[in-house]
Structures are given as C-alpha cells and as structure tokens.
Protein chains: 2
Amino acid sequence: MLRLARLAIDTWREPVAYLHRRCPECNAESFLGPRKVEVSGGGRSVTCALNVVDDAALVAPDALALSPHAFDLLGLAEGEAVSIRRAPEPASRPALRARIAGRRLSAAEIDAVVEDMVAGRYAARETAGFLVAAAQTLDDDEVIAFTRARAERSAKVSWPREIVVDKHSMGGIPGTRVTMVVIPIVVAHGLTIPKAASRAITSPAGTADAMEVLARVDLDAGEVRRAVDEVGGCIVWNGKLSHSPIDDVMNAVTRPLGIVSDRLSVSSILSKKAALGVTHIVFDIPVGPTAKVASRAEAEELARLFVVTAEGLGIDVRCEITDGTQPIGRGVGPALEARDVMKVLANDADAPSDLRDKALMLAARVLDFDGVAEPRERAETLLRSGAAAKAMERLIDAQGRNPAPPGPGALTREVAAARGGTVASIDCYRISGIARRAGAPMEKSAGLDLFKQRGDAVEAGEPLYRIHAAEQADLAEAAGYAERDSGFEIAAG
Amino acid sequence: MLRLARLAIDTWREPVAYLHRRCPECNAESFLGPRKVEVSGGGRSVTCALNVVDDAALVAPDALALSPHAFDLLGLAEGEAVSIRRAPEPASRPALRARIAGRRLSAAEIDAVVEDMVAGRYAARETAGFLVAAAQTLDDDEVIAFTRARAERSAKVSWPREIVVDKHSMGGIPGTRVTMVVIPIVVAHGLTIPKAASRAITSPAGTADAMEVLARVDLDAGEVRRAVDEVGGCIVWNGKLSHSPIDDVMNAVTRPLGIVSDRLSVSSILSKKAALGVTHIVFDIPVGPTAKVASRAEAEELARLFVVTAEGLGIDVRCEITDGTQPIGRGVGPALEARDVMKVLANDADAPSDLRDKALMLAARVLDFDGVAEPRERAETLLRSGAAAKAMERLIDAQGRNPAPPGPGALTREVAAARGGTVASIDCYRISGIARRAGAPMEKSAGLDLFKQRGDAVEAGEPLYRIHAAEQADLAEAAGYAERDSGFEIAAG
C-alpha cells in the first residue's frame with residue numbers, strides 16, 4: 001500500500017498519478033506507457049495516466065501523488081492508504097474494434113461501449129475511431145440503441161403526466177425565436193412542456209439567451225421541477241439539466257474532428273428528451289443554404305431518423321420541414337429577439353407576422369398531440385385572448401423575473417442599401433457575424449433590427465437594418481464589418 | 001522570456017511543459033486545454049502539452065520547466081531564455097476534417113496531411129479519425145498519393161540499374177519459405193534483387209528469421225548497398241531499412257484499433273518498395289481460410305489495388321493468386337524451414353517438391369521482367385545446375401555467414417493420427433500455435449517437421465509431424481497443446 005499525496009500540478013482534464021522511480025512497493029517504470037493505471041483506496045478508485053518522478057522532494061518513494069483533479073475524483077484524504085494496478089482493458093473493446101471494421105453491433109454491445117466510454121476506459125484514439133465509423137454508418141437499430149444507452153446514463157426527470165410535450169428547432173437561422181411564443185401558448189392550453197433550450201454557440205442568441213433577458217434561465221433540476229409543477233412549463237437553459245456524461249467524451253472528439261452526423265445529432269437530442277421525460281415532440285427543421293440543414297432531401301432523411309429513433313424509445317414525434325432561407329422576426333440578438341416575442345404575445349399591431357405565423361403553426365402541431373379538434377384555431381384563440389401572454393408572465397415569475405430587462409442597445413448605426421432594387425437574399429452567416437461583432441450574445445442589448453425581408457423593394461440609401469450596441473468599440477467594429485458586406489443581396493429592378 | 005528549467009518527471013513519450021500559475025510573463029492558465037504549446041529558444045523549438053503548477057518549489061514563477069524527454073528534444077541548457085506560444089494549427093487540418101466528412105482529397109492535400117502527421121502536429125484522435133475514414137474509403141488516386149507521400153518521407157536507396165526486382169508474399173501460411181529459393185535463382189540469373197523481409201509477428205518464422213539461421217540479416221542501408229553491389233541481391237531484415245516515420249504514427253492507431261485495410265496495407269508495402277528503389281515486383285497472394293486473404297474475390301481486389309497503385313508510382317507489378325490452404329514445404333520454424341530451402345537448392349532427392357514448384361513458378365515470373373524467352377526453363381536450369389545454390393552461398397557470405405547454423409532442435413516428440421483415413425484439412429493457425437509453443441521463432445531450432453499433406457492417407461497411430469524444441473518445458477507445452485488438437489482433420493475412408 002502507498003500513502004496518498006496531492007501534487008499541485010494542474011493537468012487540465014487529464015487525471016495523472018505520480019510515483020517515485022524507486023518506489024519500494026512496486027516497479028514504477030512498469031506502469032509507464034499508453035495504458036492507464038487504476039488507483040484505489042477506501043472502496044473508491046480513479047483511472048489515471050502515470051508519470052514517474054525522480055525527485056523525492058516532489059513525491060516521496062512510499063507515496064502515490066495525484067494531480068488535483070484526480071485527487072478530487074478519488075475523494076480521499078492525504079495520507080490514506082491506496083494501491084495501484086494497470087487499469088483493466090475495456091470489456092467492450094472487441095465490439096468497438098468490430099464496429100470500426102464495419103460490423104453492426106447489438107444493443108447490448110453498444111450499451112457496453114458507451115459504458116466503457118463514460119467510465120474513461122478508452123483512449124481518445126479509440127473513441128475517435130468509433131465515432132468516425134459510427135458517424136458514417138450506424139444503422140437505425142444502432143442509433144436507437146446508442147440513444148437509449150446515452151439516455152440511461154443521464155440524470156432523469158419524470159412527470160406525473162401521461163403527455164409531456166416538447167418543441168425543438170434544428171436552428172441555424174438568426175432571430176427566429178418561435179419557441180418563446182409556442183411554449184406560452186401550450187402552457188395556456190394546459191399541456192406540460194418543460195423546455196430546455198440552448199445558449200448560442202456560434203449564433204448571436206440561443207433561446208436561453210433571449211429568455212434570460214426576461215427571467216433567470218440557469219435553473220437546476222429541482223428548480224425546473226418546481227416551476228413546471230407550478231405553471232406547467234418552463235423555458236430554461238439546458239446546461240444544468242439532463243447532462244449526459246458521454247457528451248463530454250464525444251464532444252472532445254467530434255468538435256476538433258468537425259464530425260457532423262445526423263445519426264449522432266439525433267442520438268444526442270433524443271437522449272436528452274428521453275432523460276427529461278418527454279413523450280411527444282414537434283421538430284422544426286428549417287431548410288436553407290445557411291441553416292443547419294441545406295436541402296429538402298437532407299431534411300427528409302433527418303425527419304425519418306427522428307421518427308424511427310423516437311419510436312424505438314417510445315416517443316411520438318412529428319417533423320415540420322420549414323423555410324430557413326432568411327431570419328424570422330426582425331430582431332437579432334437577445335433583447336431584440338425578446339422584444340419581438342413580447343410584441344407577438346401582446347398582439348401588438350407592429351409584431352412580426354412571420355414570427356406569429358410560424359409559432360401558431362408549430363403550437364397547433366403540439367396541441368394536436370392533445371387531440372384538439374381544431375388546433376390552429378385553439379392556438380390563435382389562446383394568443384388573441386391574452387391567455388398566452390399571461391402564461392408567459394407566469395413562466396417568468398416561476399423562473400425568477402429579471403427586474404430590469406435590458407432593451408435594445410442605446411448606441412445605434414443604420415446600414416443602408418448601396419443601390420436600389422429588390423432584396424434577393426439575406427446571408428444568415430453574415431447577419432450573425434455582424435450581430436456578434438456588435439456584442440451579442442454576451443451583451444444582451446446588442447444585435448440587429450432588420451427592416452427588410454427577401455422580396456422587399458429598397459431604394460438606394462434606404463436603411464436595411466439598424467445595429468445596436470452597448471459599447472462604441474463594438475458598434476464601430478460591427479458597422480465596419482457590415483460596410484464591407486451588409487449580408488443583403490439587392491437585385492436591380 | 002522565461003528561464004528554462006528541467007523537472008524530473010518522466011512523462012513517457014509525451015513532452016510536457018510546466019508553468020507556474022502566477023507566471024508574470026504570460027497567463028499560464030490560458031494555455032491549459034487540449035491544444036499544445038510550442039516552447040522556443042536559440043532557434044529551436046519543441047511542441048508540448050502544458051501543465052500549470054501552483055507550487056514555486058516545483059517551478060519558479062519566472063521559469064518554464066520541461067519534462068526530461070521534452071528537455072532533451074529542445075536541446076538547450078537550464079537557465080537559457082525560452083518563449084512559449086500556442087502551437088500553430090496543422091495547416092492541413094481542413095483537409096483532414098474534410099476527409100473524415102467523406103470528401104476525396106487531392107494528392108497535394110494528402111501530402112500535407114502526411115507531413116503534419118509525421119511532424120506530430122495532430123492529436124491521436126485526429127490521426128485515428130483520419131485513418132478509420134481512410135481505411136474504408138480511400139479511392140485509387142488517393143491510395144497512390146498516400147503511398148507516394150509515405151515513400152517520399154522514407155530513407156531512400158537508388159541503384160545504378162534499369163531493372164531492380166522484388167518478390168513479395170502476403171503470407172499467413174506457416175513454412176512456405178519460397179523467397180529463400182527465388183532470390184538465389186534471380187541472383188544467379190543476374191538481375192538485382194535487394195530483398196527486405198520481415199520477422200515473424202504472430203507466425204513461427206518470417207523470411208528474416210529463417211535466413212538468420214544461415215547469415216546475419218540485421219544489415220543497415222550501407223551494408224545492404226555493399227552486399228547487393230557485390231552479389232546482386234540480399235535477403236535481409238526490413239527493420240533497419242526504409243523506415244517510414246509515418247508507420248510509427250499509424251501503427252500507434254491502427255494496431256489498438258484493429259484496423260485491417262487493403263488500402264492501408266498496399267500503401268505501406270509499396271511505399272517501402274518505392275523507397276528501396278524497386279522497379280518490378282511479383283506479388284504472391286495465397287488464398288486460404290487461415291491465410292491473410294481468405295477468398296478469391298478479396299485476392300483479386302487486392303491484386304487490382306497493387307497493380308493500379310504501383311502503376312501510379314511507376315512500378316511494374318504482376319500478381320499471382322496461389323493456394324494458401326496448407327503449409328508448403330515440410331519444416332515450420334526457422335531452422336526447419338532453412339533446411340527445406342537448402343535441400344531444394346541442393347537438388348536433394350528428399351527436397352519438398354511443392355516448395356520447389358512454387359519457387360520455380362515465382363522465379364519464372366520475376367525473370368519474365370528481363371524478357372527471358374522461356375523463363376520457367378531458365379529458372380529450372382539455374383536451380384538444377386547448382387548456379388542458384390552457389391548464388392545462395394555468395395549471399396550468405398556477403399551478409400555474414402553464421403559459422404554454426406542451428407539445426408532442428410534435439411528434443412522431439414511425434415504427434416500421431418488418432419484415427420485412420422485421409423488428411424482433409426490442416427489448420428494453419430493451430431500449426432503456428434504449436435510451433436510457437438515449441439519456442440519458434442525466438443528459438444531457431446524449434447518448430448514442426450510435417451510428414452503429411454492434405455489428401456495423404458494416414459493410419460491410426462501413424463505420425464503426422466514431429467515437434468522439435470530446445471527446452472523440455474517448451475516441448476511439453478507444445479505437445480500438450482498438440483494433443484488437445486493436432487491441427488489435422490482426418491476424414492474416414
């Protein structure tokens with residue numbers, strides 16, 4: 001047995017164990033190599049890389065030191081007795097290798113591979129090999145098994161309801177805060193809809209960023225449970241909910257490798273829905289050159305995969321393939337998008353009608369799950385009567401109202417058309433880039449207010465949109481970027 | 001600038017740099033993460049992982065410490081001034097990611113990926129992702145480009161000859177030392193044939209192991225050059241020749257992942273041939289249930305890939321698809337195989353005729369490259385006249401004769417047929433396993449002497465083969481293993 005010590009070397013996410021080369025208890029050098037070691041004590045253990053130390057001032061010969069991260073994972077005190085051995089080989093390795101070689105795996109094999117991945121038993125090259133093979137060739141049954149294996153290892157929520165609904169958009173279009181209109185309508189109707197939304201990664205705002213303008217969104221599972229019990233729904237950030245431990249392992253591989261795969265996306269999304277106790281989902285799949293899904297054919301294959309996989313998990317799914325060629329609504333950026341949403345809910349004459357229409361269509365699809373005879377009329381009634389607006393206020397209060405919600409940034413600059421004509425197209429990447437340079441999403445008030453849509457006539461010098469920012473430097477940077485290319489293509493005529 | 005220090009922590013093959021968290025020169029924490037850092041000084045640099053230290057006794061705040069391996073790679077003295085920056089991204093990463101996503105790469109892109117891999121700029125997960133994708137889907141042009149990129153980064157040999165020939169077997173069949181008969185015939189004819197052969201990895205003997213019974217085989221490039229200049233050929237171990245640095249990088253991924261791929265094999269084999277200056281090659285592709293190639297269809301696809309890829313490199317290739325269902329020759333194990341070879345070369349009446357026939361067929365194919373009118377007759381003449389045997393003696397002398405070549409091991413045990421009948425099949429895996437338990441290939445004298453071939457009649461109790469060993473324990477283990485399953489299937493009748 002060795003004496004546990006803590007060595008103040010931050011090795012980032014890699015747990016590392018340190019042995020002195022002349023350790024009298026074991027042959028320290030024999031542990032050097034690509035295989036990890038398992039350090040155990042008091043019924044607990046941690047899997048680490050091993051380093052060998054030649055200086056007793058760093059690690060005493062009778063000690064086993066751990067990096068702070070590994071030390072915390074093991075959870076024992078300094079001086080306690082620990083032992084070391086080679087980490088056992090992952091039992092699922094034959095299955096992993098077979099999958100790389102192209103053989104389909106059974107559900108049990110996939111579950112075992114996921115288990116070993118989550119436990120950190122695979123080297124990065126093995127995880128990468130599996131995911132590259134999987135991204136290209138998992139068949140439907142394998143996607144179902146993979147999704148189930150992931151869901152079973154996530155923190156689970158269950159609801160005392162027969163129907164728990166959700167609405168999910170594949171996104172990629174700036175603006176387009178449909179969710180924040182749909183949820184209040186569904187809540188007003190009386191269905192349970194615990195919506196866990198994402199923050200922006202590369203866009204100017206995610207649903208969670210826009211909702212945060214109005215209310216707290218970083219609720220934990222207990223807080224979500226209380227909010228949903230109280231009002232029937234929520235619009236919260238997914239970061240503290242249904243965390244799937246395999247996502248960390250997978251993202252460390254798929255992101256640097258740029259792996260984009262319907263199969264992996266569907267599995268990731270549906271595993272989170274299953275963990276959150278959702279029984280019925282409407283998927284919105286916008287199609288456009290800058291949306292996540294570029295063609296109708298891709299959208300149809302993605303929809304098929306959602307339906308088949310969800311069915312395998314006992315979840316009822318409908319998919320709507322929608323127009324993703326331009327922003328919906330006028331605001332781009334958290335506060336500007338929240339403003340659009342509140343105008344729609346308030347039945348403001350100036351509310352963006354495209355946002356209202358799309359939200360009503362999707363809300364109707366959700367209400368359809370409840371057997372409503374005329375779901376579109378029902379959704380319209382709930383919106384027009386102010387019931388949806390009242391539901392939104394209840395959601396805001398249940399989550400924790402922001403006492404001073406920020407409005408659009410006070411520093412503004414208008415970007416005008418260089419020539420007259422008709423708006424032929426809007427480059428969503430460019431619009432996102434300009435809004436982000438203005439400060440979105442970190443600066444809630446930053447973003448763009450769009451004045452024109454595709455097909456609108458413009459005159460030379462007429463403003464296309466207004467940039468909002470909170471800092472002069474951000475405004476200048478966004479304006480400079482917009483001047484080089486406004487993102488609007490104007491066709492003569 | 002920081003002061004270079006050396007920290008006595010052996011991190012195995014991973015170069016690691018250590019900074020104090022309160023380093024006044026740079027934000028140490030900002031370097032934490034999956035990306036590596038580049039430490040530079042005196043015109044030299046080394047790429048490392050970074051750890052952050054919280055104890056000034058380990059690393060002073062104004063110092064940058066390196067693990068011993070990284071310190072040696074940089075090659076500067078303690079106290080010298082060094083700087084640190086994030087390691088530049090590999091320039092070929094967009095190509096690598098595109099290939100993982102399924103896009104075909106140009107020759108220039110493949111060359112750039114190989115360059116960055118050899119330089120260690122990719123993480124293991126990236127190399128793994130690329131190779132898993134490549135193993136399944138490289139097209140012919142990509143295999144050619146990949147092979148060329150590998151060959152160009154290997155140590156090159158060139159010969160002042162228009163034709164430099166080679167003979168290569170895909171192997172997998174125990175015994176079968178055809179190469180050691182073919183090379184002397186070709187040398188006797190007068191063609192140049194610098195044969196670099198492998199040692200056994202999982203088999204009881206590689207050509208290099210069997211040749212080593214007679215002569216030194218661990219020649220370096222200069223020694224090979226002298227031997228070939230002197231006698232026109234050689235049969236040496238490939239371990240010290242045409243080392244391809246990317247093989248190390250690739251093997252670290254393909255072996256643990258169990259990747260088996262014609263495309264990667266062809267690329268590896270032909271890149272070594274190209275580096276060795278070979279212009280014409282005969283490939284022998286044995287087909288059998290325990291050979292490397294299991295079916296005729298696979299063999300034909302492999303042959304096609306050899307021909308197409310070699311053509312792209314300007315190498316002339318012929319492929320022979322041969323019977324790989326049973327051992328050829330009688331000996332299995334280095335000394336026993338060398339004995340068969342020398343009997344064939346000596347025109348001994350007792351020489352295995354199957355070994356003689358296959359060697360003559362392949363030698364004739366090689367001589368065909370020289371425009372010989374009747375190559376089979378020419379090969380037979382060179383063998384029958386003793387010219388091939390004399391050439392073998394010259395090869396042995398040029399490489400360095402073993403003054404006391406070991407014969408078959410003195411400890412023997414015969415394994416008899418449990419029943420009478422006809423030999424229906426011979427399990428090559430089992431035969432290899434028995435020979436290895438007897439001590440082959442490390443013990444040159446160990447192995448099997450086979451008395452029966454497929455189709456031969458046997459009586460109950462008649463010996464099928466004799467096990468040879470140098471140690472009683474090895475003999476007992478091999479005999480016990482053979483008793484459970486002799487590897488011979490005897491059909492009644």
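Each residue is numbered by its place in its chain's sequence as written, counting from 1. Key to labels: chains lettered from A, ligands numbered from 1, both in the order written. Two thresholds apply to this predicted model, a pLDDT of at least 70 for residue-level local features and 80 or more for giving and counting side-chain atom pairs, whereas whole-chain, interface and lining totals are computed over all residues. The side-chain values count all of the structure's non-hydrogen atoms but skip hydrogen atoms and water molecules.

**Student:** Looking at this structure, I do not really get the relation of the copies chain A and chain B. What am I missing?
**Tutor:** Each of the two chain copies can be brought onto the other by rotation about an axis and movement along it. Here the copies are matched by least squares. The fit uses the C-alpha atoms of residues with pLDDT of at least 70 in both. Aligned on chain B, chain A shows an RMSD of 1.1 Å; the corresponding rotation is 179° and the shift along the axis is 0.9 Å. Here the two chains are linked by the operation of a two-fold rotation axis. Across chain A, the rotation axis passes nearest the C-alpha of Arg125(A), at a separation of 2.1 Å. Note on definitions: a residue-residue contact is assigned when non-hydrogen atoms from the two residues lie within 4.5 Å. Here 100% of the contact residues of chain A are again contact residues in chain B; the copies associate through an equivalent surface.

**Student:** So what exactly am I meant to see when it comes to the nonpolar core here?
**Tutor:** Grouped burial of nonpolar side chains is what soluble globular proteins tend to show. Grouped together as the largest cluster of nonpolar side chains are 164 residues, with contacts concentrated most on Phe146(A), Phe306(A), Phe306(B) and Met392(B). Secondary structure follows DSSP: runs of H or I at least 4 residues long count as helices, runs of E at least 2 residues long count as strands, and numbering of each begins at the N terminus. Tallying contributions element by element places helix 13 (residues 353-368) of chain B first for this core, with eight residues. Leaving out residues up to four positions away in the same chain, Phe306(A) has contacts with Met170(A), Val266(A), Ile269(A), Leu270(A), Phe283(A), Ile285(A), Val317(A) and Cys319(A). Val186(A), Met211(A), Ala388(A) and Ala391(A) belong to the second-largest nonpolar core, a separate cluster that totals 46 residues. What makes a nonpolar core is a set of buried Ala, Val, Leu, Ile, Met, Phe, Trp, Tyr and Cys residues whose side-chain atoms join them at distances within 4.5 Å. The classification of residues rests on relative accessible area computed with a 1.4 Å probe and restricted to protein chains. Under 20% of the type maximum is buried, over 50% is exposed, and intermediate values are partly exposed.

**Student:** Looking at this structure, I do not really get the pattern of salt bridges. What am I missing?
**Tutor:** Side chains bearing opposite charge may pair, as long as their charged atoms lie close to each other. When a carboxyl oxygen of Asp or Glu lies within 4 Å of a side-chain nitrogen of Lys or Arg, that pair is called a salt bridge. Counted by the stated rule, this structure contains 90 salt bridges over all chains. When the shortest N-O distance is used, the salt bridge between Arg99(A) and Glu142(A) registers 2.9 Å. In this pair, Arg99(A) is assigned in helix 2 (residues 93-100) and Glu142(A) in helix 5 (residues 140-152), connecting sequence segments 43 residues apart. Each member of the pair, Arg99(A) as well as Glu142(A), is classed as buried. Residues Arg199(B) and Glu212(B) are paired through a salt bridge, measuring 2.7 Å at the closest nitrogen-oxygen approach.

**Student:** Is there a simple way to think about the sheet that holds strand 11 (residues 280-287) of chain A in this case?
**Tutor:** All names here are of chain A. Criterion used throughout: strands pair if DSSP finds at least two bridges between them. Pairing is parallel across the open sheet formed by three strands, whose spatial order is 8-11-12. Pairing within the sheet leaves two strands with one partner each, and these edge strands are strand 8 (165-169) and strand 12 (316-323). Recorded for the sheet is a direction-independent mean angle of 15° between the axes of neighbouring strands. Sheet topology note: the strand 11/strand 12 ladder contains eight bridges and is parallel. Along strand 12, the bridge assignment pairs Asp284 with Glu320. Fitted lines through C-alpha atoms serve as axes, helices being fitted only where they are in contact, and the angles separating the N-to-C directions of these axes extend from 0 to 180 degrees. Across the sheet, helix 10 (residues 262-275) is in contact with strand 8 and strand 11; its angle to strand 11 comes to roughly 155°. In the packing of helix 11 (residues 296-312) onto the sheet, the strands contacted are strand 11 and strand 12, and the crossing angle to strand 12 comes to about 165°.

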